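Below, each chain spelled out in residue letters.
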Amino acid sequence: MAANDVTQQSSTLIARRPRRRKILAWKPGKDTAIAAATLLAFWACYWAGTTISEWILYAGILVIGTLIPAWTVFTLRGEGLEGVGIHRRFLVVSLIVSAVLGAGSAYQLFALATEQGIEVLPHLLANLLVFWEPFFVFGWLFLRWERAFGWLPAIVLTGAGFTVQHLGSVPFEAALGFGMFAMAFGAVFVFVRNLAILWPLFYPVASGIGTLQAGFAMGWEGVVIGTVLLLVQLVVLVGVWRCSRSKNLVQPRGERMN
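The model shown is predicted, which means the values in this text are computed figures rather than measured ones. (Residues numbered from 1 in each chain as written. Predicted model: local features only at pLDDT ≥ 70, side-chain atom pairs only at ≥ 80, totals over all residues. Heavy atoms only, no water.)

Caption draft 1: Representation of the packing of helix H5 (residues 120-128) against helix H9 (residues 203-213) within the structure. It is the contact of H5 with H9, at a shortest axis distance of 8 Å, that shows an interaxial angle of 115°. Along this stretch, H5 crosses H9, giving a crossing that reads as right-handed. Contacts between H5 and H9 involve His 123, Leu 124, Asn 127 and Leu 128 from the former and Pro 204, Val 205, Ser 207, Gly 208, Thr 211 and Leu 212 from the latter. Looking at side-chain class alone, the contact of H5 with H9 contains five nonpolar, five polar and no charged residues. (Axes fitted to C-alpha atoms, helices over the stretch in contact; angles between N-to-C directions. Helix = DSSP H or I, 4+ residues; strand = E, 2+ residues; numbered from the N terminus. Left-handed = near helix turned anticlockwise from the far one by under 90°. Contact = heavy atoms within 4.5 Å. Nonpolar A, V, L, I, M, F, W, Y, C, P; charged D, E, K, R; others polar.)

So, in structure tokens, the structure goes:
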């Protein structure tokens with residue numbers, strides 16, 4: 001085997017090795033600043049989407065919530081899908097835990113839907129299609145906060161950020177409740193850093209409960225919109241990932257963003 005092949009394989013193994021988790025850290029970088037800016041920008045889009053036009057929210061999801069995170073992680077940092085919590089490590093465990101948590105929360109969802117006279121199937125399906133939220137909040141923001149400050153501050157900052165995201169769009173008490181939920185999700189997510197522990201088996205149920213508590217019922221129109229939005233989001237995500245892969249093959253890792 002050639003020396004270059006050995007070096008390349010060694011580099012690959014090192015790159016695939018899981019990063020050591022730190023309770024506290026201080027390593028903010030450009031991606032930390034970008035993450036903070038996207039949180040504030042997304043709050044504005046979320047507020048405008050619920051008060052002015054829902055199309056502002058859709059644009060925010062695709063540009064601020066998908067394109068910018070993907071471009072930062074894949075292109076600027078030169079990371080793969082694992083950099084946004086999409087990987088096969090702990091996949092089976094994540095799906096099992098997610099299924100148990102989802103099943104355990106299902107009764108509350110059905111009880112709330114029955115109490116409010118809401119058809120549960122379209123409401124659940126519409127929330128199932130909301131991949132953008134766990135991607136943005138955990139695959140993007142949480143992993144930036146953890147890299148910069150450690151996993152404990154990341155859990156707290158994720159909860160605070162999720163509260164901020166909903167300010168002005170829902171009652172303040174509901175926004176605080178959403179923040180507490182996000183902290184609980186973060187405490188689960190940190191063990192595996194795999195989005196499969198949240199979506200698609202647990203997060204849709206929890207999101208369905210949260211939206212009903214906040215007074216947002218979703219019908220079949222929401223299912224159609226959610227389907228289109230998810231498909232476009234996946235096209236953006238995969239497109240940026242594929243473009244960055246070809247670019248990173250010819251650009252040394254040392255030349256990318258620290």
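There is more to say, and it comes next.
Caption draft 2: Representation of the pattern of salt bridges within the structure. On inspection of all chains with the given rule, the structure shows seven salt bridges. Notably, a salt bridge pairs Asp 31 with Arg 144, separated by 3.7 Å at the nearest N-O pair. Of this pair, Asp 31 sits in helix H2 (residues 30-51) while Arg 144 sits in helix H6 (residues 132-149); the two residues are 113 residues apart in sequence, bridging distant segments of the chain. Accessibility assignment for this pair places Asp 31 and Arg 144 in one class, buried. Arg 147 is the partner of Glu 79 in a salt bridge, and the nearest nitrogen-oxygen pair spans 2.6 Å. Within this pair, whereas Glu 79 is found in the loop between helix H3 (54-76) and helix H4 (91-116), its partner Arg 147 is found in helix H6, the two being separated by 68 residues in sequence. The exposure class of Glu 79 is buried, given its relative accessible area of 13%. Its relative accessible area of 15% is what places Arg 147 among the buried residues. Salt bridges sharing partners connect three or more residues here, namely Asp 31, Arg 77, Glu 79, Arg 144 and Arg 147. (Salt bridge = Lys/Arg side-chain N within 4 Å of Asp/Glu carboxyl O. Buried < 20%, exposed > 50% of the residue type's maximum accessible area, 1.4 Å probe, protein only.)

Caption draft 3: Region of the structure containing the nonpolar core. In terms of nonpolar packing, the biggest core is built from 54 residues, with Phe 42, Phe 138, Phe 142, Phe 189 and Leu 198 touching the most fellow members. Sorting elements by how many residues they give to this core places H6 first, with 12 residues. In this structure, Leu 198 is in contact with Ser 98, Phe 138, Phe 185, Phe 189, Tyr 203 and Pro 204, ignoring residues within four places of it in sequence. Listed in part, the seven residues of the second largest apolar core include Leu 109, Leu 112, Val 120 and Leu 212. (Core = buried A, V, L, I, M, F, W, Y, C linked by side-chain atoms within 4.5 Å.)

Caption draft 4: Representation of the side chain of His 166 within the structure. By secondary structure assignment, the location of His 166 is in helix H7 (residues 151-166). Within polar-contact distance, the side chain of His 166 engages the side chain of Tyr 46 at 3.5 Å. Setting aside residues up to four positions removed in sequence, His 166 forms contacts with Tyr 46, Glu 133, Ala 175 and Phe 178. (Polar contact = N/O pair within 3.5 Å; in protein donor to acceptor, adjacent residues only side chain to side chain.)

Caption draft 5: Looking closely at the packing of aromatic side chains. Per the stated rule, a full pass over the model turns up 15 aromatic pairs. Ring geometry for Phe 131 and Phe 135: centres 5.8 Å apart, planes at 40°, overall tilted. Accessibility assignment for this pair places Phe 131 and Phe 135 in one class, buried. A ring pair is formed by Phe 138 and Phe 189, whose centres lie 5.8 Å apart and whose planes are at 55°; its orientation type is tilted. Note that Phe 138 is positioned in helix H6 and Phe 189 in helix H8 (residues 172-189), a separation of 51 residues in sequence. Phe 189 carries the same exposure label as Phe 138, and that label is buried. One aromatic cluster is present, formed by Phe 138, Phe 142, Phe 181, Phe 185, Phe 189, Phe 202 and Tyr 203 through successive ring pairs. (Phe/Tyr/Trp six-rings, centres within 6.5 Å; stacked < 30°, edge-to-face > 60°.)

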